[in-house]
Amino acid sequence: MAATAKDLNIREFPVEENPKHHYLNAETGLKSWLFTVDHKRIGLMYLASIILFFFVGGVLALALRLELWEPARTFMDADTYNRVFTLHGAVMVFLFIIPSIPAALGNFFLPMMLGAKDVAFPKLNLLSFWIYSFGALFTLYSIAHGGVDTGWTFYTPYSTSTGTAVISMTLGVFIMGFSSILTGINFIVTVHKMRAPGQTWGKLPLFIWSLYATAIIQVLATPVLAITLLLLIMERTLGVGIFDPALGGDPVLYQHFFWFYSHPAVYIMIVPAFGIISEVISTFSKKTIFGYWLIALSSLAIAFIGFLVWGHHMFVSGQSELATVIFSFLTFFVGIPTGIKILNWVATMYKGSIDMKTPMIYALMFLFLFSIGGFTGIMLGALSVNVHLHDTYYVVAHFHYVMMGGTVFAFLAGIHYWWPKMTGKMYNEFWAKVASVVLFIGFNVTFLPQFIMGSQGMPRRYYSYIEQFQTLHQTSTVGSWVLGVGFIIVGIYLTISLFSKANKASSNPWGARALEWMSSSPPAHHNFNYTPVVLHNPYDFHKPISEFRLGIDGSGHGEETESKVELSSDKA
Amino acid sequence: MSEHNHHVIDLKYLLGAAGALVVLTVITVAAAYMDIPRPFDLITALTLAFGKATIVAAVFMGLIWDKKINTMALLFSILFFFIMIGITLLDTLFRDRPFWVWN
Amino acid sequence: MLETINRLILPQVSSTFAADVDGLFTFINVASAIILLGITVAIIYFSIKYRRKSEDDVTPVIRYNTTLELTWTIVPFILILIVFGWGFRGYIDMRTPPSNAYEIYVTANSFFWQFTYPNGVQTTDELYVPAGRPVKLIMQSRDVIHSFFVPDFRVKQDVLPGRYTMAWFQTLGTGEHIIFCTEYCGTGHSQMDAMVYAIEPEEFDAWLREQRELSEQELPLAVLGRNLYQQQGCAGCHSLDGSPGIGPTFQGLYMNERQFTNGTTRIADAEYLRESIVNPAALINVGYNNIMPSYAHLSDDQVAALIEFIKEIE
Amino acid sequence: MANTNTAHGESHVQHHFVDSEQQFDSSKLGMWIFLVTEVLFFGGLFVAYIVYRAWNPELFYMSAKELSTMMGAINTIVLIGSSLTIALAVRAAQLNQQANISKYLLVTIFLACVFLVIKYFEYTSKFAVGILPGELYTYEGIDHPGAAIFFSIYYMMTGLHGIHVIIGIGIMVWLLVKTRQGAYNSSYFTPIEITALYWHLVDLIWIFLFPLLYLIE
Ligand code: HEA
Ligand code: HEA
Ligand code: CUA
Ligand SMILES: [Cu+2]
């Protein structure tokens, strides 16, 4: 990496269109997937698991919404309902959204965007996938053994006294935490050590910056979740009493521990989404990103401030009023770097050449929906208003706007953006657009009414409710069906695109500039058959595309490079 | 480059560090038996512990000779630990001082 | 117009701090709506004006603009300071009960609320307060965390085991308002509601005296049992008319054959009822969870009264 | 740019790294980041410790008396010694002294076992008088309602630390076997180096546990 460009023999490497050999057919058979160390295959395995769990969580959500059709019982009893919403929350958070963008799309594209052959520790990467699967098995086990009815937050002392399978569930989450930590370590090291020659920090794609910020949060916050869950397990098995008032412990301390992880975790969910949006908006506006450094550094700022505000989930929990006030004050500051991002994206579109392809549509929907989610977050951070809105459906609506309207919509943007690269196939643009509109409508019909009923005082985690709220609940339920229809359409046209023959994708269908587009679609087994060299910022659309395909000869395999360079044996 | 990363730590540093650690441990125990008044006994003990920790990190773990980024990683973890405890104490130490007691 | 919208999306204004909370709510909504509108209009306008005309479109290189960046740092900064300050002021009010506030002790149980007045009167799931006077609630939980929430007052506070927490309010007039439990506490969480009745202060004093006298009267055991059934929260889990609840109905329970999870059966005689009340975990009915709290703290007379009461429900 | 010493024939560079320099740096950075997670993992317990100590200073003074300062101090010295020997093992590898690697690893493993044995005697002597974590606590020698909590924290902290010691022993045994097979030499000793980092951290944590748990009288 120390070598400067002129020492090396740099030339342009043309891309092979419709390659015969690529990572998908480099090896075959089930084993070649399950034991692969190829980051691309691991990324795809994550992608498949994550989509699976999104559907599990989604079906549970549909069940929740259906139960809320009638004020009292519709088709399940209170205990079942409590298990269903706990499971819905836990599956969506721990099995779907936290690994979603980093572990699936990040794994696939981070090394490619750096021009590297793989992540720094490919075996660890595979291990992380297996740990994730193992943790998921524990979660499934706890469903089979009666489920868990604590809510995804596992608040003590309820979680230490209820008779359900809390231990196996928390153990599952504990294990998955390690998977998240390993991914984080891998990404940090890869970004630090494996950038292509010439790729300085100022030339990193913003998706990389966002994954880097995310990885920092993962590494710093997840261990605290691990110790919290361990304490919870100890509490249930040995009665250690740290969170148990009967033994002199303090249940509010549990909440500090939990939110010290779980608030930063919401930025684990959203910051990678920001990265996707940067890529998509710039590409489909065919224009240099506006405010590159501010977007890059605001991710780090969000990551940092995110560690200081966890107590905004505890304003009425009985924590000291001093802490409450300070937490509220700090909370708002996340809004500033976030706002900078949003407005810079909008500014990027100014005088662009905007191509309204599906990923762009999702990205623009993201801007709208996430802003609503963010503003309602500000509302919740305001002390006196929070007292009224805390633990009502207003909060439920807030976090679905940021997680579903934000992260999931960005995830959809990302999938549609990179689909041709990952699979080598194009999907049907018309149906993709139809689905995006259906999802947008369904989403708002589901969750806008929840803001209203929350403001009126409808508490969350309620199996039954007073009749006053029935109309709003029913509207929301209908919306959830529209969402379901939307996802079915997405599922159908994506599956078709996989199996039809006529729709081969070119290597760079959107005319993007980042390195992953300079490989073939689908990429070769080792991503590039040369060592890429980076001269420009990845959003410099005014530079000819040929200048983004530069590289030096040699596959960059360690042995070959070494054989070329004069080796001096030195005694250390 | 190579010398830099594969720095072989001089024997005298390693032995010196171990010696210093043993001495500091003895001092720590001795200080505990002396009757230092309340907050200061803890402060002494912790200062000594931080001193020992610095020796381990700097010499045994080789941070003196290593890339700066590794030191930064360690310092970051300590910073975030202090954030965690510092802000939590804002709650736990001030519970009995709510506004309604002030007036 | 804002006022009309507020009436549609917020509950009625029934306490002294509700209006201020609503004010801030409206302020944030309006400010957000303006910014959101700006963003949306810009997106739509740009999408149309600058839509791609040909694949060879050339776009200008605009990397940065300090004025713009500063604007959208400083304007939000000012806005959040306003929001913080406003919310802070309202919050201080909520945390500062006047010293002359009327104090009521609140005990949260799974899944009912008990209110204890200064003269010893106890009620369950019905909170009577003097209208227009400050009322301070000193709250504690018997088991897990619950939360006391009255939407019409904009008041909420978690209720913890092993510790007191405080909430206060002052109503604007007489009226009935619903209380919700807003911290998830288990099976009966959504049924853990109660009512606040704000009544004229004179009426309140009279009510309090009347209750006091009632509790001192000698009543027949079964009537006493019926009162206990309400006060102790049995009603939260056991119905009297056969309808299903968190626990088995009391209708026709006496001398009925019961089936337990450990496979045994037993006739529900008086001794069985006593045991079920004092040590409910010993035998668990098929189809139910072991969540009934123990009532070992009741006196023998009280248990007897409950049993007499259960006997009468056929 | 790759000044790697390949004199020992076999290359340990995995295909996706440019050279062994990059590979070594990456492994080391990776390990340091893992240590960051360890600091925060233990950090959670330290937070619990500090919070309860701030609430019940008396309790912590009373309970610390129950612990044997002597055993704690000896264990501190033992761990410092083991930190030294593993540092020496790394040095031996760097200098390509095969026999010394094994020797120092062996001593380190031995010292780690000594630590555990002493810990075992400490635990059993506590169990014998009914000092057990949480609900199981039955000891009556400490006149404080929260005594069980102190010992819960004590057992959690030292227990978790003990688990780390056991894991460390496992890794070092594995290193020993590989060393005997001649896997490490002056051009490739990354596993020894990063295991040493891990072991030093185990030492570091004990350096704080010792005064906080044993010495506050
Ligand atoms: C992806 C996840 C995600 C994200 C990104 C956020 C983002 C934010 N959240 Fe949210 N939140 C959750 C997920 C998330 N949240 C979840 C899951 C819960 C509930 C957990 C549970 O209890 O189960 C929750 C709950 C929650 C609460 C507690 C509610 C309660 O229980 O009482 C609060 C309170 O402060 C809050 C605040 C915020 C704030 C201030 C932001 C900010 O980051 C938002 C910043 C964004 C903007 C502000 C918009 C863009 C800005 C501009 C266009 C510039 C102009 C801006 C200004 C003028 C300010 N959130
Ligand atoms: C990533 C996070 C995420 C996502 C994406 C969602 C998505 C959805 N959520 Fe979720 N939700 C949470 C995270 C999430 N949720 C969390 C953390 C909680 C809190 C839990 C707690 O309180 O502990 C919660 C709670 C929660 C509640 C409140 C429950 C309560 O408090 O009582 C509700 C109620 O409406 C709800 C609804 C929905 C709906 C309708 C969707 C929809 O967007 C879902 C859309 C998806 C689909 C519709 C799936 C499509 C699939 C099909 C159509 C397949 C058909 C299949 C077959 C035929 C086999 N959620
Ligand atoms: Cu009580 Cu919810
Ligand atoms: Cu939060």
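Residues numbered from 1 in each chain as written. Chains lettered and ligands numbered in written order. Predicted model: local features only at pLDDT ≥ 70, side-chain atom pairs only at ≥ 80, totals over all residues. Heavy atoms only, no water.

Asker: Hey, could you run me through the coordination of the copper ion (ligand 4) in this one?
Answerer: When a metal carries six donors in an octahedron, the ideal angles between them are 90 or 180 degrees, while four donors in a tetrahedron ideally lie at 109.5 degrees. Residues and elements named next belong to chain A. Summarising the metal site, the copper ion (ligand 4) is bound by the protein donors His263 (ND1), His312 (NE2) and His313 (NE2), whose distances to it range over 1.9 to 2.1 Å. One chain supplies every donor for the copper ion (ligand 4), spaced along it as H-x48-H-H. The distance between the copper ion (ligand 4) and the iron atom of ligand 1 is 4.5 Å. Of this pair, His263 sits in helix H8 (residues 251–285) while His313 sits in the loop between helix H9 (292–305) and helix H10 (321–332); the two residues are 50 residues apart in sequence, bridging distant segments of the chain. (Donors = N, O, S within 2.8 Å, 3.2 Å for Na, K, Ca; no water. Helix = DSSP H or I, 4+ residues; strand = E, 2+ residues; numbered from the N terminus.)

Asker: What exactly am I supposed to notice about the domain arrangement of chain C here?
Answerer: Put simply, an interface is often sized by how much accessible area is lost when its parts join up. Residue and element names in this part refer to chain C. Parsing chain C into structural domains produces domain 1 (2–95), domain 2 (102–215) and domain 3 (218–311). One C-alpha centre belongs to domain 1, the other to domain 2; they are set 37 Å apart. Taken together, the contact pairs 15 residues of domain 1 with 13 residues of domain 2. Overall, the association of domain 1 and domain 2 removes approximately 1,200 Å² of surface from exposure, summing both partners, and the carbon and sulfur fraction of that is 53%. The interface formed by domain 1 and domain 2 holds 1 salt bridge in total. As a salt-bridge pair, Asp22 and Arg154 come within 2.8 Å of each other at their nearest N and O atoms. Inspection of the region where domain 1 meets domain 2 yields 11 residue pairs in polar contact (both at pLDDT 80 or more). (Domains from an automatic or database assignment. Contact = heavy atoms within 4.5 Å. Buried area = accessible area lost by both parts, 1.4 Å probe. Salt bridge = Lys/Arg side-chain N within 4 Å of Asp/Glu carboxyl O. Polar contact = N/O pair within 3.5 Å; in protein donor to acceptor, adjacent residues only side chain to side chain.)

Asker: Please explain the nonpolar core as it appears in this structure.
Answerer: A general feature of soluble globular proteins is that nonpolar side chains tend to end up buried together. In terms of nonpolar packing, the biggest core is built from 385 residues, with Phe94 of chain A together with Trp113, Tyr117, Leu127 and Phe148 of chain C touching the most fellow members. Looking at which element gives the most residues to this core, the answer is helix H3 (residues 78–113) of chain A, with 23 residues. Counting only domains with at least three residues in this core, you end up with domain 1 (2–95) and domain 2 (102–215) of chain C. Apart from residues no more than four positions distant in its own chain, Tyr117 of chain C is found in contact with Tyr102, Ile104, Thr123, Glu126, Leu127, Tyr128, Phe204, Trp207 and Leu208 of chain C. Tyr295, Val303, Ala305 and Ile310 of chain C belong to the second-largest nonpolar core, a separate cluster that totals 21 residues. (Core = buried A, V, L, I, M, F, W, Y, C linked by side-chain atoms within 4.5 Å. Buried < 20%, exposed > 50% of the residue type's maximum accessible area, 1.4 Å probe, protein only.)

Asker: Would you mind going over unusual backbone geometry with me for this structure?
Answerer: That bond from Ser521 of chain A to Pro522 of chain A is cis: its omega, -10 degrees, falls within 30 degrees of zero. With respect to the secondary-structure elements, Pro522 of chain A resides in the loop between helix H16 (470–499) and strand S2 (531–532). At the junction of Ser110 of chain C and Phe111 of chain C, the peptide bond is cis and its omega measures out at 5 degrees in the coordinates. Mapped onto the elements of the fold, Phe111 of chain C is located in the loop between strand S1 (102–109) and strand S2 (112–116). One non-glycine residue, Phe154 of chain A, lies in the positive phi region at around 50 degrees. With respect to the helices and strands, Phe154 of chain A occurs in the loop between helix H4 (122–144) and helix H5 (158–161). In this structure Phe154 of chain A comes out as buried when scored by relative accessible area, which is 1%. With a phi angle near 55 degrees, Asp391 of chain A is a residue other than glycine that sits in the positive phi range. Among the structural elements, Asp391 of chain A can be located in the loop between helix H13 (383–389) and helix H14 (393–423). According to the relative accessible area criterion, Asp391 of chain A is buried, its value standing at 6%.

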